[in-house]
Amino acid sequence: MRSPALHCCARLLLAAIFFLPVCARAISITEVRKSLVRITTTAQEPNYRVPWSPGRVSGGTGAGFIIEGNRILTNAHVVSNARFLSVERENDPKHYIAKVQHIGHDCDLAVLTVEDASFFQGTVALSFTNQLPPIESSVAVYGYPIGGNRLSVTTGVVSRIGFQQYAHSGADSHLAIQTNAAINPGNSGGPVLQDGKVIGVAFQGFNGEVAQNVGYMIPVSVVHRFLQDIADGHYDRYMDLSLSTFPLSNPAQRKALGLPDDGTGVLVGSVTSGGACDGVLKVGDVILAIENHPVQSDGFVELDGERVEMTEIVERKFKGENATLRILRDKKPLEVTVCFGEAWPFQIQSRQYEATPRYILFGGLLFQPISRDFLQASPVDSLRVRFLYNFFLTDEFYKERPDLIVLSGVLPDPVNTYVSGLRGQLVDEINGVKIQTLRQMAGILAQPAQQYVIKMLGEGRPIVMERAAVEAARERIKARYNVRNEQNLSEQLP
Amino acid sequence: MKLRLATLLLSVLVGSILAAPAETKPASAALNALKPSSVVRVNATSQPYDFLRPWSKHSPAQRRAVGAVLPGSRVLTTAEQVANATYLELEKPDSGEKTPASIEVVDYECNLALLKPSQPEFLKPFQPLQLIEPNLGDGLAIWQLENNGTVLPTRALLTTVETGSYPFSNGFLLYRLSSSLQPRDSGFTSPVVKNGALAGMLLRFDSRSQTADVIPAPVIRHFLKAADSKAGYTGFPQAGISTSSLRDPQLRRYAGLTNGTGGIYITRVHPGGPAEKAGVAVGDVLASIAGQAVDQDGNYVHPRYGKISIAHLLSCEQFHGDTIPLTLLRQGKEIPCKITLRHDDPTQWIIPPFVIDTAPRYYILGGLVFQELSRQFLKEWGAEWMLKAPERFLYYDRYQDELFQNDPRQRIVILSNILPSPCTVGYEELSYLVIPSINGVALHSLADIESALANPVDGFHRIQVQGHPGEIIIDATQAAALEPALLRNYDIPALKRL
C-alpha cells in the first residue's frame, strides 16, 4: 500500500533501520547456526547535490539466512546500492562473494546468491510457517547486532500485528509483526523463529529515545509474496488499489448512502486517476466486500482469523491478477472487478536505490527532478515546491508534470551570472513548450535554436540562454567544476 | 500634453518639498529642554477575534504609544497600535489627564491612523507638529516619554531611504535610522522629529543592529491628504504590475533592447488592474513613469533621496484616480501610454491578507464549523504560521493571484473545525477542508450558506468536500434539533455570524 500523502512530519514516527555499520565476527550458539549468514556490504550512495559525482563509498554488516534453492534471504536495506558483497557462515572463516539476485525496495527484502557452490555445503535451508503467529506467543531473534561480535539471540513475544510504514522506502506500508524481543542495529535480515520455523525477518525498530522494546519483523505473508513475485525472474512490486477510503460510522451518512446500521462498508473518498480503480470505482461508492471478505466500516476485514486492513487482501495480489469487489453505487449493489496491471509508476515520494540521480546541466544551470532523495540532499525553501511534492499524488500533479523539474543550482559562470537568484524555481516552459519530463526537456535543449527561453512556474522573469553563449561556456564549466557528464536522463545504473 | 502633465506634477512635488521646512531651529534645540507640548500618550486596548474559535475573542491587551499632535485637533499613531481596538484614550504626558478617543481614519497598508479626542478642547494647549522631510545624513530625534511625562529625545541618524516591508503590506518607503534607542513603555510608536517638526513615525526598532525603521514624511503626507479628501479616504494606489530586474544582457536582448541600460521587465500584469487597462503586457519594458527614467533595477532618481524604487513613485507620489504617462518598450519599440492608478482594496481579495476590526464570519452546522479562508486565520498558528498552518491553505494564500484568477468565488469557504456532537460521529478527524458547495449550491462566500442549507436533499445536507472524502452528510432535522445543545455544551453565543 502506498501512503497517498506522505508529509514531512511523518518522519517523527519513522523507524530506524537496523543495519550495523561495523565489522564483527561470530560463532554459533544454536542449531540455527547452519543457516545463518553474516553479510558485509560495500555500498556507494549517490550524491544528489553533485549528481555527476560517483558518490561516497560506505559499508556495513547485517544478517541473512539460507532458504531453499541455495539462496540467502535478507533485507533490501542491508544490500542496497551495493558495489561489493561478501558473506560468511558460522564456523567458517572464509569470505564468499555474493550477488543480489532480486531486491524489493517496497518490501525491504532481497535474495542473494553465492557463486562458489561450496558455500552451501553443510548448510540447512530454513523453512517458514504458513500463518501469522498468535499474539503473545514466544519468538527468538537471531542476528549479529551491536554489542559484540558473535551470534546473538534475543527472545520475546509477538506484541502486535498491523500495518506499519516500511522505513526503507519511506512511502510503503505493509503488515509487520511487532515484538518486544530486542532488535538492534545489525539484526537486520536475521530470522525470527518460533518452534524451529521462520515467522519473520527482523528489519526495523524505534530509536531508544522514542520507544523501548518495540522491534519489527517482516511477516511470512510479505516474504512469501516477494518469493512468489520473483519466481518468474522479475520483481513486479506491490499492486495497489490507488484509492483512499473513509470509515462509515456516521449514522446520517450511512442512511443517506442507503446502508443499514450493521457496521459494514467503507466510502471511496478519492480515486487516483491512472491507478487500478480508475474507471472502475467512483468517489461516493461504498465498498462492501473484497474477494468475498466483508469490509467492516473501519476498513478492516477478517483474514486467517486476524482482523487486518482491507488492503492486506490487495497486498497479496500479483501483477495481472484481479480482485472482485462488492460495492453499493447510488444505493444499488454492484459487483466490479479491479485488474492489477503495472505497479504505480510515480515514485517521487519513495527513496530510490540502485539509481543514479537524473539531471541536466545547461549553461551551468543545474536542473533536477524533485524526489524524496533530492529534497533530503538539498532542501528547497519554497512553499510551491513543498506543496507540489507533498500533494503530487492527491492533487494528481503527475498528470500534467510527471517530473517536477527544479533549478536546483547554478555553477557560476559569465553565461549565467544574472540567473543565480532563480534557484529553487520550477521549470514551466522552454521556447513555448510545456515541460513534462526531464527527457523531453533534454530533447528541447538539444534542438538548435538561437536562444532558449526558460519560463519558470509563477510570475517571475524567464531565463534566457543564448545558444552561442552556452556552447562557448560548455567546456569551461565542465573543466572548472569537474563535471563528467552534462546530463543523466535515466536512473538505471550504467 | 504628456510632457506638460509631467512638468506640472514635478513642480507640485518640488513645491511641497520646499514648503515643508518653514520653521527650522538648530538641531540641538530639538533635543534639549523639550516641553511635551506636541505629543500625547495613546493608550489602546486591543482585542482581536480568535479565528480558530471565531465566536470569541482573544484576551485584551494594552498597547501604549506616543502619538503626534497634528493641526486640526488630531493625533497620529500607527494603525498597528489601534488594530482591533476596543477602547482608545489619549493621555496628557505631564498631567496624566485622559480622554476617550476614536479613530477618524485608519489605513493598515500604510500603517497609519488618525485619532480624535472625544472632547475637542483636550488638545487645545498643544502645539501641533508640522511635517518636514529630512535629507539623508540628517540628525533626527526619536521622542519617547518618560514615566513622569518628560520627553526623552534620542539622537538618530538618517542613513538610508528605501522601500521595505510594513506590518500588513510591502513596498512602502521607509527611513532607516541608526540610533541607540532605549525603548520606554511607549512601545508601539513614537514621533521622529527634525527641528521640532514631524519627520516620521517609528515603525520598529532592532536593538541588536541599533536600527530604527520609520514611516517617513512622504507616506504621512499622502495619508493626511487622502484623509482630508472631500470624496472620502481612499488608500494608496497601485499600477497592478510585477517586475523583474533587467541587468541580464541575454534577457535584455530577448526583450528587444539593443542599447541603453535602463528599464524594468514586466513579469505580470494583474488581471483587471490599472496596467492591464492601460494596455501594458507581460514582456514589456517599463522605461519611464511620469517623465522619470526607470533604471534596470526598478529605481528612479528622487530629487531628495536619490535612487529609490518606482513602487514609491507609483503609489505614494500619486493618488487613487490619478492618471500619469508611462513609456513602454515593446520589442524595442517605444509605446507611450497613460495609466489611471487605483487602490487595490485588500479586503476584497479572495483570501484577504488581513481581517482587522471585522468580526470573522462563521456558521456552525451540527458541530461542523464553516469559515472563510484568510491570512488572519493562518496567522493563528503563531510566529511560525508560514511553516505550521495547513499547507494547502498556505499555498492558496501565497499563490492566490494565479490560482483563482477566473474563479467565481469571492471567498474560499472552509470546514475549519469540528465540535464533536451526535451529528459529527465519524467526522472527528476531518478539518481544514475546502467546501465548494452544499446541497448542490455553490458557495461563493459564506453568505451563500443559508440559502444552500435551505433545501436539504431527502432530509440530508450533502456537503461537498474538495478531495478526500468527497462528501460528508448531516441529517438536517438532527442538526436543527442539536442547536440548543451545541450552544449550551460549547458555550457559544450564536451558531452563526454572516
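Up top is the structure.
Presented here is a report on the structure given in the accompanying data block. These figures come from a predicted structure and were not determined experimentally. (Residues numbered from 1 in each chain as written. Chains lettered and ligands numbered in written order. Predicted model: local features only at pLDDT ≥ 70, side-chain atom pairs only at ≥ 80, totals over all residues. Heavy atoms only, no water.)

### Some points on the nonpolar core
Turning to step 1, where the next piece is worked out: By size, the foremost hydrophobic cluster in this structure holds 70 residues, and its most contacted members are B:Leu76, B:Leu177, B:Val219 and B:Ile289.
Turning to step 2, where the next piece is worked out: Excluding residues within four positions of it along the chain, B:Ile289 makes contact with B:Val294, B:Ile310, B:Leu313, B:Leu314, B:Ile324, B:Pro325 and B:Leu326.
Turning to step 3, where the next piece is worked out: Core analysis: the second largest hydrophobic core is formed by 40 residues, A:Val380, A:Val406, B:Leu378 and B:Tyr395 among them. (Core = buried A, V, L, I, M, F, W, Y, C linked by side-chain atoms within 4.5 Å. Buried < 20%, exposed > 50% of the residue type's maximum accessible area, 1.4 Å probe, protein only. Contact = heavy atoms within 4.5 Å.)

### Describing the sheet that holds strand E12 (residues 211-216) of chain B
Adjacent strands of a sheet form backbone hydrogen bonds with each other and so pair up, either parallel or antiparallel.
Residue and element names in this part refer to chain B.
Turning to step 1, where the next piece is worked out: A barrel is described by the order of its strands in space; here 6 strands give the closed sequence E7-E8-E9-E12-E11-E10, paired in antiparallel fashion. Across this sheet, the average inter-strand angle for adjacent strands is 50°, counted without regard to direction.
Turning to step 2, where the next piece is worked out: Here 7 bridges tie strand E7 (residues 139-145) to strand E8 (residues 151-166), and the two strands are oriented antiparallel to one another. Residue Ala-141 lies in a different strand from E8, and its bridge partner there is Arg-155.
Turning to step 3, where the next piece is worked out: Here helix H4 (residues 217-227) sits on the sheet in contact with E8, strand E9 (169-178), strand E11 (197-206) and E12, set at roughly 30° to E12. (Pairing = 2+ DSSP bridges. Helix = DSSP H or I, 4+ residues; strand = E, 2+ residues; numbered from the N terminus. Axes fitted to C-alpha atoms, helices over the stretch in contact; angles between N-to-C directions.)

### So, helix H7 (residues 438-446) of chain A
Residue and element names in this part refer to chain A.
Turning to step 1, where the next piece is worked out: For H7, the set of buried residues is Leu-438, Met-441, Ala-442, Ile-444 and Leu-445. End-on view of H7: buried residues confined to an arc of 160°, all on one side of the axis. Looking at H7, the residues exposed on the side facing more than 90 degrees away from the buried face are Arg-439 and Ala-446. (Arc of directions from axis to C-beta.)

### Some details on helix H13 (residues 476-489) of chain B
Residue and element names in this part refer to chain B.
Turning to step 1, where the next piece is worked out: Taking 1.5 Å per residue as the helical rise, H13 with its 14 residues ought to reach 20 Å, and the 20 Å between its terminal C-alpha atoms agrees with that figure.
Turning to step 2, where the next piece is worked out: Of all the bends found along H13, the most pronounced is centred on Glu-483 and spans about 45°, while Pro-484, a proline, follows it within four residues.
Turning to step 3, where the next piece is worked out: For H13, the set of buried residues is Ala-476, Ala-479, Leu-482, Ala-485 and Leu-486.
Turning to step 4, where the next piece is worked out: Those residues of H13 hidden inside the fold are in contact with strand E21 (362-365), strand E27 (460-464) and strand E28 (471-475).
Turning to step 5, where the next piece is worked out: Backbone nitrogen of Thr-477 and a side-chain oxygen of the N-cap are separated by 3.0 Å at the start of H13; the cap is Asp-475. (Expected span 1.5 Å × (residues − 1). Bend = angle between axes of the 7 residues up to and from the residue. Polar contact = N/O pair within 3.5 Å; in protein donor to acceptor, adjacent residues only side chain to side chain.)

### Comments concerning the environment of B:His270
Residue and element names in this part refer to chain B.
Turning to step 1, where the next piece is worked out: Here His-270 lies in the loop between strand E14 (264-269) and helix H6 (274-277).
Turning to step 2, where the next piece is worked out: For His-270, a relative accessible area of 23% puts it in the partly exposed group.
Turning to step 3, where the next piece is worked out: Expressed as a C-alpha distance, the spacing of His-270 and Ser-242, which sit 28 residues apart in the sequence, is 8.0 Å.
Turning to step 4, where the next piece is worked out: Among residues more than four places away in sequence, those in contact with His-270 are Gly-240, Ile-241, Ser-242, Glu-276 and Asp-401.
Turning to step 5, where the next piece is worked out: In this structure the side chain of His-270 is engaged in a polar contact, spanning 3.4 Å, whose partner is the side chain of Arg-268.

### Thoughts on the pairing of strand E1 (residues 39-46) of chain B
Residue and element names in this part refer to chain B.
Turning to step 1, where the next piece is worked out: Taking burial as the measure, the 8 residues of E1 include 8 buried ones, the bulk of the element.
Turning to step 2, where the next piece is worked out: Across the two faces of E1 the burial is the same, with Val-39, Arg-41, Asn-43 and Thr-45 and Val-40, Val-42, Ala-44 and Ser-46 all buried.
Turning to step 3, where the next piece is worked out: Across 8 bridges, the pairing between E1 and strand E2 (residues 61-70) is antiparallel. Each bridged residue has a counterpart across the sheet, and for Ala-44 the counterpart in E2 is Arg-63.
Turning to step 4, where the next piece is worked out: As paired strands, E1 and strand E4 (residues 85-91) are joined by 6 bridges and run antiparallel to one another. Each residue of the ladder has a partner; that of Asn-43, found in E4, is Glu-89.

### Some words on the packing of aromatic side chains
Turning to step 1, where the next piece is worked out: Applying the stated criterion to the full structure yields 32 aromatic pairs over all chains.
Turning to step 2, where the next piece is worked out: Consider the rings of A:Trp344 and A:Phe346, whose centres lie 5.6 Å apart with planes at 70°: the pair is edge-to-face.
Turning to step 3, where the next piece is worked out: The class of A:Trp344 is buried, set by a relative accessible area of 5%.
Turning to step 4, where the next piece is worked out: Judged by its relative accessible area of 23%, A:Phe346 is partly exposed.
Turning to step 5, where the next piece is worked out: With a centroid separation of 6.2 Å and 80° between ring planes, the pair formed by A:Phe346 and A:Phe392 is classed as edge-to-face. Of this pair, A:Phe346 sits in the loop between strand E21 (332-339) and strand E22 (359-362) while A:Phe392 sits in the loop between helix H6 (383-390) and strand E24 (405-410), placing them 46 residues apart in sequence.
Turning to step 6, where the next piece is worked out: Here A:Phe392 falls in the buried class, since its relative accessible area comes to 0%.
Turning to step 7, where the next piece is worked out: Here a set of aromatic residues connected by ring pairs shows up, and it is made of A:Phe387, A:Phe391, A:Phe397, B:Tyr395 and B:Tyr399. (Phe/Tyr/Trp six-rings, centres within 6.5 Å; stacked < 30°, edge-to-face > 60°.)

### What about the sheet that holds strand E2 (residues 36-45) of chain A?
Residues and elements named next belong to chain A.
Turning to step 1, where the next piece is worked out: Sheet architecture is closed into a barrel: 6 strands sit in the order E2-E3-E4-E7-E6-E5, paired in antiparallel fashion. The sheet shows a mean angle of 40° between the axes of neighbouring strands, taken without regard to direction.
Turning to step 2, where the next piece is worked out: Here 6 bridges tie strand E6 (residues 96-104) to strand E7 (residues 109-114), and the two strands are oriented antiparallel to one another. The partner of Ala-98 across the bridge, within E7, is Val-114.

### Observations concerning the side chain of B:Glu89
Turning to step 1, where the next piece is worked out: With respect to the helices and strands, the residue B:Glu89 is situated in strand E4.
Turning to step 2, where the next piece is worked out: Residue classification places B:Glu89 among the buried residues on the basis of a relative accessible area of 13%.

### A closer look at unusual backbone geometry
Turning to step 1, where the next piece is worked out: The omega angle of the peptide bond from B:His468 to B:Pro469 is 0°, so this bond is cis rather than trans.
Turning to step 2, where the next piece is worked out: When you line up the elements, B:Pro469 lands in the loop between E27 and E28.
Turning to step 3, where the next piece is worked out: Of note, the phi angle at A:Asn213 is positive, near 55°, even though the residue is not glycine.
Turning to step 4, where the next piece is worked out: With respect to the helices and strands, the residue A:Asn213 is situated in the loop between strand E12 (197-205) and strand E13 (215-219).
Turning to step 5, where the next piece is worked out: Positive phi is not limited to glycine here, since B:Asn195 has a value of about 50°.
Turning to step 6, where the next piece is worked out: B:Asn195 sits in the buried class, given a relative accessible area of 14%.

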